[in-house]
Amino acid sequence: MNEPKRKKQILIVDDEQITLRALREEFTAAGYAVTTACDGQAALGRLSQQHFDLLFLDMHLPRKSGMEVLCECRSSAPNTIVVIITAYASVETAVDAMRMGAADYITKPYDIDDLLARTEQLLAAASVLDPKASAPKGTSMEFLGSDPQIQKIRKMVERVCSIPTSVILTGESGTGKGILAKQIHYTGIRAKQPFIHINCAAIPENLMESEIFGHERGSFTGASQTQKGKFELAGEGTIFLDEIGLLSLSLQSKLLNVLQERTFERVGGSQSIPLKARVISATNEDLEQAVAQGRFREDLYFRLNVIRIDIPPLRYRKGDIPALTEMFLARFQKKLDKHIRSIDPSFYHVLMEYDWPGNVRELENALESAVALSGDGPLTPDALPMRITQHIKDYGGSPASEPKTVFKAYLEQQETNAIRSALERFGGHRGKTAEYLGISKRTLQYKLKNLGLTGQE
């Protein structure tokens, strides 16, 4: 008999009872086990009594501040994910909290749907390190981000992860197509089945057919024994055809036939083998242009392009850079056994100003290099590769307000989105909106005036 799935444990710490009640109701309804505390001392007591998967922590608390709780939590419960929530949109506080190990930073008022989405996202990323998770240990599934385009992609993944329909992932190199393919596989009903990655650019053309379909003994020189191909080894799992645009025309024809008939034969064989796996493909090419140029079969393109997910480049979603940076810094400090005591604000300024032509992969590599080269002092842009810093003028002498302005704009946009969402939820009713957001009606009216929004009494 299967054991019931363990509910994720969440601790919410806030000195406003209305906020605690609202969050408890929403997260309980979403299937989480929720514990609350109304001051810093009580929060530490809860943390000493049991393990929590995630902690929502207000910064301004009685008895012990949020920063004190965060500091002690990092020491006593290093595996607990901490998300800072505060009504005081201080950029300095955001930087300090992330430097001390917070995974994310959200200002009041907030959108409850956004909180739930971020919670699911952070817990999914943490599950990669859990040996009890469906994905094998070490498998990367952290498709992180709060940008609206990324939220839309996550919702699409939820809809398609357990259906057999073909999916094609498009996006520039380094945007995370491989990570997204794994997320689709490991969050769906095929999670316990094989995930077979075939890099169409890495396998020589003369070996590709044997590699994917297998071969019979004696079918060609050197075929001393029968060998199963990747399509057969995938079983009822997932076949991920990476860089599909580089597949030769002859193999495109054979692949089309396999996808249409759902059967294939080993090289030199005559026995039909059923294709049970789901096919996900990916490309950084414009396949429509490749079709027009005769480099890619139109019928195969339409066969693969049933569901299409376009991944935006990092330069179009720079608001996700802070969270990605914190995740990568934490990972590489552990991997390289290094400890970064502090981060100079100019470091974030450079990251936010650079356009990242190599996307998330380039950011990841740059941060690994920065951690490896970091010394005893603060982490500064000097630890970043020269190709990045040389594009940012006067980063070292930039006024301190510049990096703060970047974060302030990011946080203000979050606040605006949350207020708009809450107003829509309650039909523009200011009283209900203020109560839901956990702020006073006067504070809401002030923010509405500054944001140029309207609402009903």
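Described in the following lines is the structure provided in the data block.

Criteria and cut-off values
Residues numbered from 1 in each chain as written. Predicted model: local features only at pLDDT ≥ 70, side-chain atom pairs only at ≥ 80, totals over all residues. Heavy atoms only, no water. Helix = DSSP H or I, 4+ residues; strand = E, 2+ residues; numbered from the N terminus. Buried < 20%, exposed > 50% of the residue type's maximum accessible area, 1.4 Å probe, protein only. Core = buried A, V, L, I, M, F, W, Y, C linked by side-chain atoms within 4.5 Å. Arc of directions from axis to C-beta. Salt bridge = Lys/Arg side-chain N within 4 Å of Asp/Glu carboxyl O. Polar contact = N/O pair within 3.5 Å; in protein donor to acceptor, adjacent residues only side chain to side chain. Contact = heavy atoms within 4.5 Å. Axes fitted to C-alpha atoms, helices over the stretch in contact; angles between N-to-C directions. Parallel < 35°, antiparallel > 145°, perpendicular 65-115°, else oblique. Left-handed = near helix turned anticlockwise from the far one by under 90°. Nonpolar A, V, L, I, M, F, W, Y, C, P; charged D, E, K, R; others polar. Pairing = 2+ DSSP bridges.

## Focus: the overall build of the protein
Step number 1: The helix and strand tally for the protein stands at 19 helices and 14 strands.
Step number 2: The buried share of the protein, reckoned over its 457 residues, is 50%.

## Observations concerning unusual backbone geometry
Step number 1: You will see that Trp-356, though not glycine, has its phi angle at about 55 degrees, which is positive.
Step number 2: Assignment of secondary structure puts Trp-356 in the loop between α14 (345-353) and α15 (359-373).
Step number 3: Look at Asn-359: it is not a glycine, yet its phi comes out positive at around 60 degrees.
Step number 4: Among the secondary structure elements, Asn-359 is positioned in helix α15.
Step number 5: According to the relative accessible area criterion, Asn-359 is buried, its value standing at 0%.

## Section: the nonpolar core
Nonpolar side chains tend toward joint burial in soluble globular proteins.
Step number 1: Within the largest apolar cluster, 30 residues are counted, with the highest numbers of intra-cluster contacts made by Ile-198, Phe-231, Leu-241 and Ile-244.
Step number 2: At five residues, the largest contribution of residues to this core is made by helix α10 (residues 249-261).
Step number 3: If you look at the next biggest cluster of nonpolar residues, it comprises 28 residues, including Ile-81, Leu-116, Leu-122 and Leu-123.

## Considering helix α18 (residues 430-437)
Step number 1: Along α18, the residues classified as buried are Arg-430, Thr-433, Ala-434, Tyr-436 and Leu-437. Here the buried residues of α18 occupy an arc of 165 degrees about the axis, which is enough to place them on one side.
Step number 2: Of the residues flanking the end of α18, it is Gly-438, one or two places downstream, whose phi is positive at about 80 degrees.

## Points about the pattern of salt bridges
Step number 1: Within the structure shown, the criterion is met by 16 salt bridges.
Step number 2: In this structure, Glu-172 engages Arg-315 in a salt bridge whose closest nitrogen and oxygen atoms are separated by 2.5 Å. Of this pair, Glu-172 sits in the loop between β6 (167-170) and α7 (177-186) while Arg-315 sits in the loop between β14 (307-310) and α13 (321-336), and the two are 143 residues apart along the sequence.
Step number 3: Close ionic contact of Glu-362 with Arg-387 constitutes a salt bridge, the shortest N to O distance being 3.1 Å.

## Things to note about the side chain of Gln-9
Step number 1: Looking at where Gln-9 falls in the secondary structure, it is placed in strand β1 (residues 9-13).
Step number 2: A distance of 3.3 Å separates polar atoms of two side chains, one belonging to Gln-9 and the other to Gln-50.
Step number 3: If sequence neighbours within four positions are ignored, Gln-9 has contacts with Ala-33, Gln-50, His-51, Phe-52, Asp-53 and Leu-54.

## Overview of the packing of α13 against α14
Step number 1: One way to put it is that α13 packs onto α14 with a least axis distance of 10 Å and a crossing angle of 120 degrees. Judged by the angle between their axes, α13 and α14 are oblique. Note on packing geometry: the crossing formed by α13 with α14 is right-handed. The residues of α14 that touch α13, namely those facing Ile-321, Pro-322, Thr-325 and Glu-326, are Phe-347, Tyr-348, Leu-351 and Met-352.
Step number 2: Looking at the contact of α13 with α14 residue by residue, the class counts come to six nonpolar, one polar and one charged.

## Remarks on the pairing of β6
Step number 1: Of the two faces of β6, the one carrying Val-167 and Leu-169 and the one carrying Ile-168 and Thr-170 are both buried.
Step number 2: Pairing between β6 and β14: four bridges, direction parallel. When the bridges of β14 are listed, Val-167 appears paired with Ile-307.

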